[in-house]
Amino acid sequence: MIRVAVIGAAGRMGSTVVEAVEGAADLQLVARIDDGDVISAQTLNGAAVAVDFTAPSATESNVHACLDAGIDVVVGTTGWTQESLGRVRDHAARVPASVLVAPNFAMSAVLVMHFAAQAAPYFDSVEVIEMHHPDKVDAPSGTAITTAQGIAAARRAHHCPPMPDATTTDPMGARGAQVEGVHVHAVRLRGLTAHQEVLMGNAGEQLVLRTDSFDRISFMPGVLFGIRNIGGHPGLTVGLDVLMGLA
Ligand code: NAP
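Residue indices begin from 1 for each chain and proceed along its sequence in written order. Local features are withheld for residues below a pLDDT of 70 in this predicted model, meaning they are given only at 70 or higher, and side-chain atom pairs are given and counted only at 80 or more; totals for whole chains, interfaces and linings count all residues. As a rule here, side-chain values cover all heavy atoms of the structure and leave hydrogens and water aside.

**Focus on helix H6 (residues 142-157)**
Our working rule: A run of H or I in DSSP counts as a helix once it spans at least four residues, and a run of E counts as a strand once it spans at least two, with each numbered from the N terminus. In a helix, the anticipated span is given by 1.5 Å times the number of residues less one. Throughout, a residue-residue contact means that at least one pair of heavy atoms, one from each residue, lies within 4.5 Å.
Its 16 residues place the ends of H6 22 Å apart at the C-alpha level, agreeing with the 22 Å of an ideal helix rising 1.5 Å per residue. Tucked into the core, H6 has its buried residues touching helix H5 (107-119), strand E6 (125-132), strand E7 (177-179), strand E8 (182-188) and strand E9 (194-202). Among the residues trailing H6, His159 stands out with phi positive, at a value near 55 degrees.

**With respect to the domain arrangement of the protein chain**
Interface extent is often summarised as the accessible area lost during association of the parts. Convention followed: Boundary definitions for the domains trace back to an automatic or database domain assignment.
Per the domain assignment, the segments making up the protein chain are domain 1 (2-101 + 217-243) and domain 2 (107-214). Taking only C-alpha atoms, the centre of domain 1 and the centre of domain 2 are 30 Å apart.

**Quick notes on the environment of Gly239**
Heads up, the condition is: The buried label applies to any residue whose accessible area, calculated with a 1.4 Å probe on protein chains only, is under 20% of its type's maximum; exposed applies above 50%, and partly exposed to all values in between.
Mapped onto the fold, Gly239 is located in the loop between strand E11 (235-238) and helix H8 (240-243). Since its relative accessible area comes to 6%, Gly239 is described here as buried. Along the chain, Gly239 and Arg155 lie 84 residues apart, while their C-alpha atoms are 21 Å from each other. In this structure Gly239 touches Leu100, Val101, Ala102 and Pro103, once residues within four positions along its chain are discounted.

**Some thoughts on the packing of helix H3 (residues 56-68) against helix H4 (residues 82-94)**
Cut-off, in case you're wondering: Angles run from 0 to 180 degrees between N-to-C directions of axes, and those axes are lines fitted to C-alpha atoms, restricted for helices to the stretch in contact. Each angle receives one of four descriptions, namely roughly parallel if under 35 degrees, roughly antiparallel if over 145, roughly perpendicular if within 65 to 115, and oblique otherwise. Three classes are used: nonpolar for Ala, Val, Leu, Ile, Met, Phe, Trp, Tyr, Cys and Pro, charged for Asp, Glu, Lys and Arg, and polar for all others, with Gly counted as polar.
Between H3 and H4, the shortest axis-to-axis distance is 10 Å and the interhelical angle comes to 0 degrees. Taken together, the axes of H3 and H4 lie roughly parallel to each other. Contacts between H3 and H4 involve Glu60, Val63, His64, Leu67 and Asp68 on the former and, on the latter, Ser84, Arg87, Val88, His91 and Ala92. Of the residues contributing to the contact of H3 with H4, the split by class is four nonpolar, three polar and three charged.

**Focus: unusual backbone geometry**
Each neighbour pair has its own omega, and for Ala139 with Pro140 the value is -10 degrees, a cis peptide bond. In this fold, Pro140 is placed in the loop between E6 and H6. The backbone of Glu180 shows a phi angle near 50 degrees, a positive value even though the residue is not glycine. Summarising the element assignment, Glu180 is placed in the loop between E7 and E8. The class for Glu180 is partly exposed, based on a relative accessible area of 43%.

**Examining the sheet that holds strand E4 (residues 72-75)**
Strand pairing within a sheet occurs via backbone hydrogen bonds; the two strands may be parallel or antiparallel. Convention followed: Strands qualify as paired when DSSP identifies two bridges or more between them.
Reading across the sheet, the six strands line up as E2-E1-E3-E4-E5-E11 and stay open at both edges, with parallel pairing between neighbours. Every other strand in the sheet has two partners, leaving strand E2 (27-33) and E11 as the edge strands with one partner each. Neighbour to neighbour, the strand axes of the sheet diverge by 20 degrees on average, direction disregarded. The pairing of strand E5 (residues 98-101) with E11 spans four bridges and is classified as parallel. From the neighbouring strand, Val101 faces E11, where its bridge partner is Val238. Across the sheet, H4 is in contact with E5 and E11; its angle to E11 comes to roughly 140 degrees.

**Looking at the site of the ligand**
Filter applied, for reference: Only a single heavy atom is needed: when it lies within 4 Å of a molecule or strand, its residue is near that molecule or strand. Pairs of N or O atoms within 3.5 Å make up the polar contacts considered here, provided that, within protein, one atom can donate a hydrogen while the other can accept it, and that residues adjacent in sequence are counted only when both atoms are side-chain atoms. For accessible areas, the Shrake-Rupley method is used with a probe of radius 1.4 Å. Any residue's cover is judged against the shown protein chains and nothing else.
Looking at the ligand, there are 20 residues lining it, with Arg12, Met13, Gly76, Thr78 and Phe105 nearest. Contact between the ligand and Pro103: a nitrogen atom at 3.1 Å from a main-chain N or O atom of the residue. Notes on the ligand: free accessible area 920 Å², of which the protein chains cover 71%. Mapped onto the shell around the ligand, the elements with two or more residues apiece are helix H1 (12-22) and H3. Counted by class, the shell around the ligand contains nine nonpolar, eight polar and three charged residues.

**Some remarks on the packing of aromatic side chains**
Going by this rule: For Phe, Tyr and Trp, where Trp contributes only its six-membered ring, two rings pair if their centres lie within 6.5 Å, and the inter-plane angle classes them as stacked under 30 degrees, edge-to-face over 60, or tilted in between.
Going through the model one piece at a time under the given rule, you end up with one aromatic pair. For the pair Phe53 and Phe105, a centre-to-centre distance of 5.9 Å together with 55 degrees between the ring planes defines the contact as tilted. Separated by 52 residues along the polypeptide, Phe53 in the loop between strand E3 (49-52) and H3 and Phe105 in the loop between E5 and H5 bring together distant segments of the chain.

**Quick look at the pairing of E8**
Bridge count for E6 against E8 is six bridges, and the pairing is parallel. Each bridged residue has a counterpart across the sheet, and for His132 the counterpart in E8 is Arg188. Here E7 pairs with E8 via three bridges, running antiparallel. Considered in E8, the bridge of Ala177 is made with Val184. In textbook terms, the turn of a hairpin is the stretch between consecutive antiparallel strands, and for E7 and E8 this stretch comprises two residues, one of which, Glu180, has a positive phi near 50 degrees.

Pasting the structure below:
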């Protein structure tokens, strides 16, 4: 039985994690921590792992408090920088506790990124289409950028030639953004949640990789995987793919 504390327990993601932990036979919810609560060994109540889904302004200090209390931390909150990750890496190296920071807990998205990088060198053309609800403020999505960067790196490693594209005029930007030479298109549509396709084409054939997150619950298999496996990975781990042995 792994004892789990949830930080940000009243939030949208935190409350979904609370339900997922309560529904897992091998996990026991021992603490719900919210804004204004002190994070200490006492309030963590003997937890072995804390899960943080709070706010970019709060998450780093929460992680340091958990490390001071000697417990592992699984972090989904966004807003991390190389500097804040560096401080956590240094802290985690000095204590017997581990940290996972995962920008995306959706297993399907993590696997699409991995498979896209594997497949991309074997196709002439590769483009990414990300599709989200219209309340999303940033475009393209972080996942689409990471996907395109992985595709570009794999193609560079295989010395792939530039992708064929005869476009010479595009005054309206219809060919989308370019991330390291990979075209990325963003759709914002009422009714969608978070979706992405990677289209890969050769003459006469096409491979399409697609991931759909229909609901916040889509992140829970990844969060529970993180809770169950972070203990075996000392120090700071960035990315669920690393914990899954894909990186
Ligand atoms: P939310 O609904 O605003 O929930 C955040 C919760 O954390 C709120 O209950 C908030 O309380 C609480 N909180 C704020 N500061 C705190 C602190 N210092 N200590 C303890 N609790 C604190 O947000 P959300 O939609 O759940 O998203 C949370 C984060 O997860 C965001 O950064 C989001 O981008 C990220 N996210 C990541 C993934 C992934 O796969 N990695 C997936 C979805 C979301 P108050 O409301 O009282 O301030």
